[in-house]
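Given next are the chains, with one letter for each unit.
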Amino acid sequence: MADNKSGGFFQRLKQGLAKTRKSFVQNIEQLFTGKAISPETFDDLEEILIGADLGPAFTQELIEEMKGRAKRHELAVADTLKQLLKDSMNKILQACEVPLIIPKDQVFTIMVVGVNGTGKTTTIGKLASYYKSQGRSVLIAAADTFRAAAIEQLEIWSRRVDVPIIKQKMGADPSAVVFDAIRSAKARETNVVIIDTAGRLHTKTNLMEELKKVRRIMGRELPGAPHETLLVLDATTGQNALVQAKIFNREIGVTGLALTKLDGTSKGGIIVRIAKEFQIPIRYIGVGEHLDDLKPFISREFVDALFE
Amino acid sequence: MFENLTEKLDSIFKNLRGKGVLTEDNVKAALKDIRMALLEADVNFKVVKDFVEDVRERAVGQEVLKSITPAQQIVKIVHDRLVHLMGDESSHLRLSGRFPSPIMLAGLQGCGKTTTAAKLALFLLAQERRVCLVSADIYRPAAMDQLKILSEKIHAGYYDAGGLPDPVQICVQAVEYAKSNGYDTLIIDTAGRLHVDAALMDELRRIKEVIRPDEILFVADAMTGQDAVNVAETFNSLLGIDGVILTKMDGDARGGAALSLKKVIGKPIKFVGTGEKTEALELFHPERMASRILGMGDILTLVEKAKTAIDEKSARELEKKIRKNEFTLQDLKDQILQIRKMGPLQDVLGMIPGFSKIKALKNAAPDEGEIAKTVAIIDSMTIKERYNYQIIDGRRRKRIARGSGTTVQDVNRLLKNYTEMRKMMKKLSKGGMKSLLRGNFSFK
């Protein structure tokens, strides 16, 4: 796909987060530049942080921490507050900046999961394109056999990116699709197998059981599989993203996160809270509609793009 | 729905109840907790601010402090204000007599527009409207296929745009198609888009100008965070929306957006999507939703669902049987199948007042597999056995287990539960419904 490679990824992340920065940082700039710290500063700060979906409890924590520092005179002017916030978030996020490393000499399976509408299928298209550009062989498996036309959607991606797809009919057993995919990958010696699963709310016990079964079948057919269980989270989601991460992790063991839709005005702040509570590696972020608008997560860039 | 928030407010009010007489201080404490709970539920920051102030003004004062049960009064104030905030009464679609009457759906990517289009179509089909669907989504791969498949499934009309490249043109053609094929309603599904995408927002505006929809419905994911309000405001100012459909209400966090939307953009929430099935679309009832938030349960929805799922005659017969202690295994199976018609059990149980309070039961909702097993076991019994469980001896149990693909233990468990159920029914028919209503009803 045609894309402006000139600006590089950092540039585009910044562009993608432009709206975010406008609402998030402009506020902060107004709040901080050259001003002395007053009680109102903290009230305003609370509004900004909660507005960024960091959540009330976490916001409270951050504010208490800063109030403490202000008292100890570590913060003379409000500008220091910004640096402190940045450092706090960076510290939390850095621990989750663990890129996904895929060995070249084996079949490596990635099971992509998440609630409905977070952008799983699109993320898979982008991932397939990304791995292919690294010169790896890729296969995608259409294990979302539930949603109407989910298979067709993935098929179109497979043609766009030019990678093979393993599929069955709508309504087929997802485990059977995965079984086929792994057999096929073994036979073709494919490096990366990406599995699309149906979107499911984490509260649907039966659907979570289905995922467990898919996992089981994978592990049986290929020891160690799935090598990566990637939970796709939508940056527009509020505090429920935390519950999603918690339950998916508890039920099927999440090994990586992808945060999509960062090109809107949502702040994606919930990821900081998720990072803090579960320390699950954040692998990728989605910052646009182009095929290569999915990139490895880099904490410093993420925080910089938020604050600069 | 709203279970998390319900739990939180519950614990807050439990503390209030314990205190008996309200002081300004503990109102303050409760309000602080209510504020946190609402924020945690993604209610918009500003909305929460106003709401809490509003409740504080009403709560702290003579009226409350003098009352005998101040906690209940606070609950009532919070409840009333929640209802008010969400729009007092449910709001219906306003469709004109035009042929066809167009309804347009718009929203962000992944909020559930296409699924909702089909659900809305089914809802209107049930009102004997002749509904045609069209997808103006030329961007997302297979979006049109998705709507087409769903249309066929629910037997609604579908305008196939073929390779038409322009969404506006597609809609114009769809109106023509609907008109000449006798459809009185046209539901237009549009591509998901970011509110900051000027070109795509303009496309929506052009569709609106040409088609002049009777209803422009904004589809919003109930899990959306603080930004929900910004998105809806932008859609509203650029497009002018008539109402909101909240989707994915069958999860567990949902809701904050519901509280905010009406208040901030001044448009009612008309429907809520409550499940994976195409039938899972309900009218939005602020009253019920508020009750749910406060842990009063959603008994009205339950009753309505029961009414459509269970026919009255068989209900009366069943009642008679229970009175005479003639509740057979066949009846048990019929009952299970009838309840199944009301939707997934988890959803049904969520509507029972107080259910969300019973933490231990949270994960104990009978799972669908267990139900299928029970039905299979009863299916493997002879007619005689179903009507007279006492003849089911060891040999018969073995046969039933083999026939249903279960174990003898499974069969034993079912029979044990069944006999206990009969005992409970005997008690019930003696004590009458009153004992049930007094809360002597145990879930386990």
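Preceding this section is the structure that the text describes.
A brief report on the enclosed structure follows. All of these numbers come straight from a predicted model, not from anything done at the bench.

**Structural notes on the overall build of chain A**
Counting its secondary structure elements, chain A contains 12 helices and eight strands. Each of the 308 residues in chain A was classed as buried or not, and the buried ones make up 60%. Partitioning the intrachain contacts of chain A with sequence separation of at least 6 by distance along the chain shows that 77% fall at a separation of at least 24.

**Some thoughts on the environment of Gly255 of chain B**
With respect to the helices and strands, the residue Gly255 of chain B is situated in the loop between strand 6 (243-247) and helix 11 (256-265). Measuring from C-alpha to C-alpha, the distance between Gly255 of chain B and Thr224 of chain B comes to 8.6 Å, with 31 residues separating the pair along the chain.

**Section: unusual backbone geometry**
Of note, the bond from Ala225 of chain A into Pro226 of chain A is cis; its omega dihedral lies within 30 degrees of zero at -10 degrees. Following the sequence through the fold, Pro226 of chain A ends up in the loop between helix 9 (205-221) and strand 5 (228-234). At Asp162 of chain A, a position not held by glycine, the phi torsion is positive, near 65 degrees. Considering the arrangement of structural elements, one finds Asp162 of chain A in the loop between helix 7 (150-161) and strand 3 (165-166). Positive phi is not limited to glycine here, since Ala142 of chain B has a value of about 65 degrees.

**Some words on the pattern of salt bridges**
Residue and element names in this part refer to chain A. As enumerated under the stated definition, the model contains 36 salt bridges over all chains in all. Its salt-bridge partner being Arg200, residue Glu210 comes within 2.9 Å of it at the nearest N-O pair. Of this pair, Glu210 sits in helix 9 while Arg200 sits in the loop between strand 4 (192-197) and helix 9, and the two are 10 residues apart along the sequence. Residue Glu210 is classed as partly exposed on the basis of its relative accessible area, which comes to 28%. Using a relative accessible area of 2% as the deciding quantity, one classes Arg200 as buried. Glu209 is paired through a salt bridge with Lys212; the nearest N and O atoms lie 3.1 Å apart.

**A look at the pairing of strand 5 of chain A**
All names here are of chain A. Of all seven residues in strand 5, seven are buried; the element is thus mostly enclosed. Covered by surrounding structure in strand 5 are Glu228, Leu230, Val232 and Asp234 together with Thr229, Leu231 and Leu233, the residues of both alternating faces. As judged from the four bridges shared by strand 1 (residues 108-113) and strand 5, these two strands associate in the parallel manner. Note on strand 5: the bridge partner recorded for Ile110 is Glu228. Across five bridges, strand 5 lies against strand 6 (residues 256-260) in parallel orientation. Residue pairing for strand 6: Leu231 is matched across the bridge by Leu257.

**Comments concerning the side chain of Glu155 of chain A**
Residue and element names in this part refer to chain A. Relative to the helices and strands, Glu155 resides in helix 7. Looking at Glu155, the relative accessible area reads 19%, which means it is buried. Apart from the residues within four sequence positions on either side, Glu155 is in contact with Ile165 and Lys167.

**Overview of the interface of chain A and chain B**
On the side of chain B, 39 residues touch chain A, which itself brings 46 residues to the contact. Taken together, both faces of the contact between chain A and chain B bury some 3400 Å²; the carbon and sulfur share is 55%. Between the two partners, chain A and chain B, sit four salt bridges. Along the contact surface separating chain A from chain B lie 15 residue pairs in polar contact (both at pLDDT 80 or more). Mapped onto the side of chain A that touches chain B, the elements with two or more residues apiece are helix 3 (39-51), helix 4 (56-71), helix 7, helix 9 and helix 10 (240-252) of chain A. Considering every element that reaches the side of chain A that touches chain B, the biggest residue donor is helix 7 of chain A, with five residues. Counted by class, the side of chain A that touches chain B contains 14 nonpolar, 18 polar and 14 charged residues.

**Looking at empty space enclosed by the protein**
Throughout the structure, instances matching the rule amount to three cavities of 30 Å³ or more. Roughly 160 Å³ of volume is contained in the largest cavity. In terms of lining residues, the largest cavity is bounded by 16 residues, among which Thr236 of chain A together with Leu108, Cys111, Asp221 and Thr224 of chain B are the most central. Sorting the residues of the lining of the largest cavity by element identifies strand 5 (215-221) and helix 10 (228-239) of chain B as the ones contributing at least two each. A total of four residues in the lining of the largest cavity trace back to one element, the largest contributor, which is strand 5 of chain B. Split into classes, the residues belonging to the lining of the largest cavity amount to eight nonpolar, five polar and three charged.

**Some words on the packing of aromatic side chains**
Residue and element names in this part refer to chain A. Overall, the coordinates contain seven aromatic pairs over all chains when judged by the stated rule. A centroid spacing of 5.6 Å and a plane angle of 55 degrees characterise the contact between Tyr130 and Tyr131, whose relative ring orientation is tilted. Residue class for Tyr130 comes out partly exposed when judged on its relative accessible area of 22%. Between Tyr130 and Tyr284, the ring centres sit 6.1 Å apart and the planes meet at 80 degrees, which makes this aromatic pair edge-to-face. One end of the pair, Tyr130, is in helix 6 (residues 120-133); the other, Tyr284, is in strand 7 (residues 282-286), with 154 residues separating them in the sequence. Pairwise contacts between aromatic rings join Tyr130, Tyr131 and Tyr284 into one cluster. Sitting over the ring of Trp157, Arg160 keeps its end group 4.8 Å from the ring centre.

**Some words on the packing of helix 9 of chain A against helix 10 of chain A**
Residues and elements named next belong to chain A. Where helix 9 meets helix 10, the axes come as close as 10 Å, and the angle between the chain directions of the two elements is 45 degrees. If you check the angle between helix 9 and helix 10, you find them oblique. Along this stretch, helix 9 crosses helix 10, giving a crossing that reads as right-handed. Judged by residue contacts, Met208, Leu211, Lys212 and Arg215 of helix 9 engage Ile247, Phe248, Glu251 and Ile252 from helix 10. Taken together, the residues of the contact of helix 9 with helix 10 sort by class into five nonpolar, no polar and three charged.

**What to know about helix 7 of chain A**
Residues and elements named next belong to chain A. Here helix 7 is 12 residues long and its end C-alpha atoms lie 17 Å apart, about the 16 Å a rise of 1.5 Å per residue gives. Turning to helix 7, its buried residues are Ala150, Ile151, Gln153, Leu154, Glu155, Trp157, Ser158 and Val161. The inward-facing, buried residues of helix 7 contact helix 6, strand 2 (138-143), strand 3 and strand 4. Positive backbone phi, approximately 65 degrees, marks Asp162, located one or two places after helix 7.

Rules used throughout
- Residues numbered from 1 in each chain as written.
- Chains lettered and ligands numbered in written order.
- Predicted model: local features only at pLDDT ≥ 70, side-chain atom pairs only at ≥ 80, totals over all residues.
- Heavy atoms only, no water.
- Helix = DSSP H or I, 4+ residues; strand = E, 2+ residues; numbered from the N terminus.
- Buried < 20%, exposed > 50% of the residue type's maximum accessible area, 1.4 Å probe, protein only.
- Contact = heavy atoms within 4.5 Å.
- Salt bridge = Lys/Arg side-chain N within 4 Å of Asp/Glu carboxyl O.
- Pairing = 2+ DSSP bridges.
- Buried area = accessible area lost by both parts, 1.4 Å probe.
- Polar contact = N/O pair within 3.5 Å; in protein donor to acceptor, adjacent residues only side chain to side chain.
- Nonpolar A, V, L, I, M, F, W, Y, C, P; charged D, E, K, R; others polar.
- 1 Å grid on protein atoms, 1.4 Å probe; cavity = no way out; pocket = protein on both sides within 12 Å on 5 of 7 lines; lining within 4 Å.
- Points joined across faces, edges and corners; volume = space filled by probe spheres on them.
- Phe/Tyr/Trp six-rings, centres within 6.5 Å; stacked < 30°, edge-to-face > 60°.
- Lys NZ or Arg CZ within 6 Å of the ring centre and 35° of its normal.
- Axes fitted to C-alpha atoms, helices over the stretch in contact; angles between N-to-C directions.
- Parallel < 35°, antiparallel > 145°, perpendicular 65-115°, else oblique.
- Left-handed = near helix turned anticlockwise from the far one by under 90°.
- Expected span 1.5 Å × (residues − 1).

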